[in-house]
Amino acid sequence: MADEQPIGIFDSGVGGLSVLAHIHQRLPGEALLYVADSAYMPYGCKPEAVIQQRCVKISDFLFRHQCKAIVIACNTATAAAVHHIRASYAFPVIGMEPAVKPAVFHSRSKVIGVLTTSATSTSDKFNRLAARFSQHARLIVQPCPGLVEQIESGELTGSATRDMLSLFLQPLIRQGMDTLVLGCTHYPFVSALIREIAGDDILIIDTGAAIACELERQLQNRQLLSENKTASIEFWSSGNTEKVAPVMSRLWGDKVMVKNLPY
Ligand code: DGL
């Protein structure tokens, strides 16, 4: 039955686990299949064509595993490939983009920081989004090269990660930012450090919960929601699974077994 088929969720690495957690919490009866493209991470410094190729490979894998929907749990991959994937498959494809619209709504100072990968910051898709809101607020887009690698290596609280984040955040704080958009799914894993550096008065916006809502809405519209109470979650990675599994387990908050994605 279609409603018992899994939902495929993918990212360049462990970042999408921040989205997976929201999905699992909202839809505990759905079977979930998570793919981390660890061998090719980070996507954020790669050309769009390379990211597109990887997204196609992973989508084909999820299609062969009979997924009923795909969530691209990655802002960078969405910007590079969502149109292509939507055009190629019949199943619903949910993508992500930095939450600029809610940030403009909530910000009082109308000075908004947006942390992204380099690829997202230069993508047409993101720049069209930023232009749509440029009359309503000042958006300060801050690419964060190196931060994804820190998170992938499990460095969530150390001094190197703190120094890096300070460097990225201080200019935004100095310019009067009151709202910060986490425009990469890896960044929620360092939100405690961000909070320490930016202070309690800054509103930090992450898109994971909104994506889980949108997924539920799309499945409901197509009558594809599972009626199970609980379901399994599978974890796959294109990288060295022995290296990836401990970091995934730590970020997921439970020991996970990671299967090898063969390409
Ligand atoms: N987690 C991804 C995102 O949301 C990208 C990380 C990477 O650069 O690989 O953009």
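Everything numeric in this text was worked out from a predicted model, so none of it was measured.

Attention now moves to the overall build of the protein. Looking only at helices and strands, the protein has eleven helices and ten strands in total. On C-alpha atoms alone, the protein measures out to a radius of gyration of 18 Å, which is about the 18 Å that the 2.2 N^0.38 rule sets for 263 residues. Seen through its C-alpha atoms, the protein measures out along the principal axes to roughly 55 × 40 × 35 Å. Within the protein, the fraction of its 263 residues that count as buried is 56%. Long-range contacts, defined here as pairs at least 24 residues apart, represent 76% of the contacts in the protein between residues at least 6 apart. Accessible surface computed for the protein: about 11800 Å², of which carbon and sulfur atoms make up 51%. Charged side chains of the protein number 24 positive and 24 negative; the gap between the two group centres comes to 4 Å.

Turning next to the packing of aromatic side chains. Inspection of the entire model under this criterion finds seven aromatic pairs. Arranged with centres 5.7 Å apart and planes meeting at 65 degrees, the rings of Phe235 and Trp252 form a pair that is edge-to-face. One end of the pair, Phe235, is in strand β9 (residues 233-237); the other, Trp252, is in helix α11 (residues 241-252), with 17 residues separating them in the sequence. The two residues Phe235 and Trp252 agree in class, both being buried. Members of the aromatic cluster, joined through ring pairs, are Tyr34, Phe235 and Trp252. If you follow Arg54 out to its NZ or CZ, it ends over the ring of Tyr40, 3.7 Å from the centre. In this structure, Lys57 packs its charged tip against the face of Tyr263, placed 5.9 Å from the ring centre.

So, about the sheet that holds β9. Across the sheet, which stays open at both edges, the six strands sit in the order β4-β3-β1-β2-β9-β10 with parallel pairing between neighbours. Because the sheet does not close on itself, it has two edges, and the strands there are β4 (93-94) and β10 (258-260). With five bridges connecting them, strand β1 (residues 7-11) and strand β2 (residues 32-36) associate as parallel partners. In the sheet register, Gly8 faces β2, and the bridge partner there is Leu33. Sheet contacts for helix α2 (residues 48-64): β1, β2, β3 (69-72) and β9; angle to β1, the most-contacted strand, approximately 160 degrees.

To continue, consider the site of the ligand. The environment of the ligand is made up of 13 residues, and the closest members are Ser12, Tyr43, Gly44, Thr76 and His186. Side-chain polar atom of His186 to a nitrogen atom of the ligand: 2.8 Å apart, as the coordinates give it. Its residues assigned to classes, the shell around the ligand comprises five nonpolar, seven polar and one charged.

Mapped onto the fold, Thr116 is located in strand β5 (residues 111-116). Owing to a relative accessible area of 0%, Thr116 belongs among the buried residues under this scheme. Between the C-alpha atom of Thr116 and that of Gly15, which follows or precedes it by 101 residues, the distance is 13 Å.

Residue Pro42 follows Met41 across a cis peptide bond; omega there is 0 degrees. For Pro42, the location among the structural elements is in the loop between β2 and α2. Of note in the backbone geometry, Lys110 takes a positive phi value of approximately 60 degrees without being a glycine. Of note, Lys110 is situated in the loop between α4 (100-106) and β5. For Gln223, which is not glycine, the phi torsion reads 50 degrees and is therefore positive. Position of Gln223 relative to the elements: it lies in the loop between α10 (208-221) and β9.

Attention now goes to the nonpolar core. Counting residues in each nonpolar core, the largest one holds 55 residues, and the members touching the most others are Leu17, Val71 and Met248. Here the element with the most residues in this core is α11; it accounts for six residues. Excluding its chain neighbours within four sequence positions, the residues that come into contact with Met248 are Val14, Leu17, Tyr34, Ala36, Phe235, Trp236, Val256 and Val258. Counting residues in hydrophobic clusters, the runner-up holds 24 residues, among them Cys55, Ile72, Phe91 and Ala119.

The rules we used
Residues numbered from 1 in each chain as written. Predicted model: local features only at pLDDT ≥ 70, side-chain atom pairs only at ≥ 80, totals over all residues. Heavy atoms only, no water. Helix = DSSP H or I, 4+ residues; strand = E, 2+ residues; numbered from the N terminus. Rg over C-alpha atoms; globule rule 2.2 N^0.38 Å. Buried < 20%, exposed > 50% of the residue type's maximum accessible area, 1.4 Å probe, protein only. Contact = heavy atoms within 4.5 Å. Areas by Shrake-Rupley, 256 points an atom, 1.4 Å probe, with all protein chains shown as cover. Lys, Arg positive; Asp, Glu negative; His and termini not counted. Charge placed at Lys NZ, Arg CZ, Asp CG, Glu CD. Phe/Tyr/Trp six-rings, centres within 6.5 Å; stacked < 30°, edge-to-face > 60°. Lys NZ or Arg CZ within 6 Å of the ring centre and 35° of its normal. Pairing = 2+ DSSP bridges. Axes fitted to C-alpha atoms, helices over the stretch in contact; angles between N-to-C directions. Near = heavy atom within 4 Å. Polar contact = N/O pair within 3.5 Å; in protein donor to acceptor, adjacent residues only side chain to side chain. Nonpolar A, V, L, I, M, F, W, Y, C, P; charged D, E, K, R; others polar. Core = buried A, V, L, I, M, F, W, Y, C linked by side-chain atoms within 4.5 Å.

All quantities given are derived from atomic positions and should not be read as evidence of function.
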